[in-house]
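Structure at a glance
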Amino acid sequence: MTLIKSISGIRGTIGGAVDDNLTPIDAVKFAAAYGTWLKEQRSKDNYIVVVGRDARISGEMIQNLVMNTLVGLGIHVIDLGLSTTPTVEIAVPMEHADGGIILTASHNPKQWNALKLLNAKGEFLNGAEGQKILEIADSNAMNFAEVDDLGKITVNDAYIDLHIDEVLKLPLVNKKAIEAANFKVVVDGVNSTGGIAIPLLLERLGVEPVKLYCDPTGHFPHNPEPLKEHLGDLAKAVVKEHADFGIVVDPDVDRLAFMDETGEMFGEEYTLVACADYVLSKNPGNTVSNMSSTRALRDVTEKYGGTYEASAVGEVNVVTLMKKNNVVIGGEGNGGIIYPESHYGRDALVGVALFLSLLAERQIKVSELRASYPNYYMSKKKIQLTPELDVDGILSTMEANYSHEKLTTIDGVKIDFADNWVHLRKSNTEPIIRVYTEAPSQEAADTLADRFIAEIKAIASI
């Protein structure tokens, strides 16, 4: 199973058979279904969609297919070319567009790509909207434009700079303090568009960037998920360069992780904790993250008198609860910062600017900052799915087995024990069951994860 249709978009591996992988035919079909849905939202003379991509090898091919499909529907396209997910998100309302498409498979390896679909606010579609698009695609209910009514493509390659402008306008971004701190930072751009955007942002903030894998070739030098086991080169570079810290982003620049001055991971879960600490110290209020995120955000939120609540996994779920709870900052524990003062989307550029402001104002080392937060340790493991696995049945059995514990079942099964928790769920983006745990030590977190993986395998007889 390498074509996944979910709340996170249409995602699959390049090549292979139609309907089993993300082939050119699948890219055209789902782009056409999206364009058809978009035109159904309201009747008007001119429809506009913003399209951008990360640096994946397949990106240019998929983007050309998508853009020309939209042109065939009579929709005008603004082509951002190499871009980032948050850049496309802010471009949609700035261009008064009707929607946006980002060609990226986020943290997935290079053989993957995807269509991430946005509404007129530059926000991800909700589940009902996504389902409607899948139904249109299945029914082939698309009506293309006649020759005189075809759309056109306009290239605009200025939006990364415009995005940076918008970040620098944020009142809590303390450019003066950052410039005075004379930071030196190593950036791992995983040879995608973060290698363009993050160094440009740092230079505008008066920070010296040291570039590591910042050539946007799409040939990822390591697994693009920003986890410790993939970042040995960044650790060496931070120490060698005597840098203040390191930055790593995923290929589409909506996930952000830091490394301290000794080459130790700050912890991607603590990216949101630190940014929230800074924002809440200036503007106390409520926060939201997803169910697979650290308890440390709750602790920091309550320290400033706010209320924390967890949503189901998936950016659209986080954003929905953020709006409901009128939060000042939120996001996902995978390093995704959502700051409503900017826009309702995960944005590594915003996260970098807030983190630098915090360090500059407190005049503190990254290792010292991390030591100031509650210590929780997470284990993030997975079980590969096979066609014969009954995931729903497995999760129902786990729910029954632990019915005497505190359970949450809005997204898989989360079991909250007194000193730790485990979250079991089917991934939206990969053919796997995710097994996330958190505990007071790494050993305890790993042991808890291994225990539940063994229990799942016993239930499934694998």
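Please refer to the structure placed before this passage.
Residues numbered from 1 in each chain as written. Predicted model: local features only at pLDDT ≥ 70, side-chain atom pairs only at ≥ 80, totals over all residues. Heavy atoms only, no water.

Let's talk about helix 1 (residues 24–41)
The criterion, for reference: Secondary structure elements follow DSSP: runs of H or I no shorter than four residues count as helices, runs of E no shorter than two count as strands, and numbering proceeds from the N terminus. Each helix should span, by expectation, one fewer than its residue count multiplied by 1.5 Å. Only protein chains enter the area calculation, which uses a 1.4 Å probe; residues under 20% of their type maximum are buried, those over 50% are exposed, and those in between are partly exposed.
Taking 1.5 Å per residue, 18 residues should reach 26 Å; helix 1 reaches 26 Å between its end C-alpha atoms and fits that length. Turning to helix 1, its buried residues number three or more, namely Asp26, Ala27, Lys29, Phe30, Ala31, Ala32, Ala33, Tyr34, Gly35, Thr36, Trp37 and Leu38.

Remarks on the side chain of Thr271
The following threshold applies: Whether two residues are in contact is decided by their heavy atoms: any pair within 4.5 Å suffices.
Looking at the element boundaries, Thr271 is found in helix 9 (residues 269–282). The class for Thr271 is buried, based on a relative accessible area of 0%. Ignoring any residue separated from it by four or fewer positions in sequence, one finds Thr271 in contact with Leu256, Ala257, Phe258, Phe266, Gly335 and Ile337.

Thoughts on the packing of aromatic side chains
The cut-off we apply is this: For Phe, Tyr and Trp, where Trp contributes only its six-membered ring, two rings pair if their centres lie within 6.5 Å, and the inter-plane angle classes them as stacked under 30 degrees, edge-to-face over 60, or tilted in between.
If you walk through the whole model with that rule in mind, you get 11 aromatic pairs. Look at Phe245 and Phe258: their rings are 5.8 Å apart centre to centre, the planes differ by 75°, and that puts the pair in the edge-to-face class. One end of the pair, Phe245, is in strand 10 (residues 245–249); the other, Phe258, is in strand 11 (residues 256–259), with 13 residues separating them in the sequence. Phe258 matches Phe245 in its accessibility class, with the two residues each being buried. An aromatic cluster is present here, built from Phe183, Phe245, Phe258, Phe266 and Phe355 joined pairwise through their rings.

Some remarks on the sheet that holds strand 14 (residues 329–332)
The line we're drawing: A pair of strands counts as paired when DSSP detects no fewer than two bridges linking them. In this analysis an axis means a line fitted to C-alpha atoms, helices contributing only their contacting stretch, and an angle means the value between N-to-C directions, from 0 to 180 degrees.
Spatial strand order, 13-12-14-15: four strands in an open sheet with mixed pairing. Only two strands of the sheet have a single partner each, and these edge strands are strand 13 (308–311) and strand 15 (336–338). Here the strands of the sheet are splayed against their neighbours by 20° on average, with no regard to which way each runs. Judged from the two bridges that link them, strand 12 (residues 287–290) and strand 14 form a sheet pairing that is parallel. Counterpart to Thr287 in the pairing with strand 14 is Ile329. Helix 10 (residues 296–303) rests against strand 12 and strand 13 of the sheet, and its axis sits at about 175° to strand 12.

Describing the environment of Gln111
Position of Gln111 relative to the elements: it lies in the loop between strand 5 (99–103) and strand 6 (112–118). C-alpha of Gln111 to C-alpha of Ile14: the two residues are 97 residues apart in sequence and 5.8 Å apart in space. Those residues in contact with Gln111 that lie beyond four places of it in its chain are Gly12, Thr13 and Ile14.

Some remarks on the nonpolar core
What counts, and what does not: Grouping buried Ala, Val, Leu, Ile, Met, Phe, Trp, Tyr and Cys residues that are joined through side-chain atoms within 4.5 Å yields what is termed a nonpolar core.
Within the largest apolar cluster, 58 residues are counted, with the highest numbers of intra-cluster contacts made by Ile247, Ile329 and Phe355. Setting aside its immediate chain neighbours within four residues, Ile247 contacts Val185, Val186, Val187, Asp188, Ile198, Leu202, Leu234, Leu256, Ala257, Phe258 and Val352. Core analysis: the second largest hydrophobic core is formed by 32 residues, Ala32, Leu38, Leu73 and Ile101 among them.

Quick notes on the pattern of salt bridges
Operational definition: A pair is scored as a salt bridge if a Lys or Arg side-chain nitrogen falls within 4 Å of a carboxyl oxygen belonging to Asp or Glu.
On inspection of all chains with the given rule, the structure shows 26 salt bridges. One salt bridge connects Asp165 with Arg204, and the closest N-O pair in it is separated by 2.7 Å. A residue pair is termed long-range when its members are at least 10 positions apart, and Asp165 in helix 5 (residues 159–168) and Arg204 in helix 7 (residues 194–204) qualify at 39 residues. For Asp165, a relative accessible area of 27% corresponds to the partly exposed category. With a closest N to O distance of 2.8 Å, Arg362 and Asp277 form a salt bridge. You can see Arg362 sitting in helix 12 (residues 348–362) and its partner Asp277 sitting in helix 9, a full 85 residues away along the chain.

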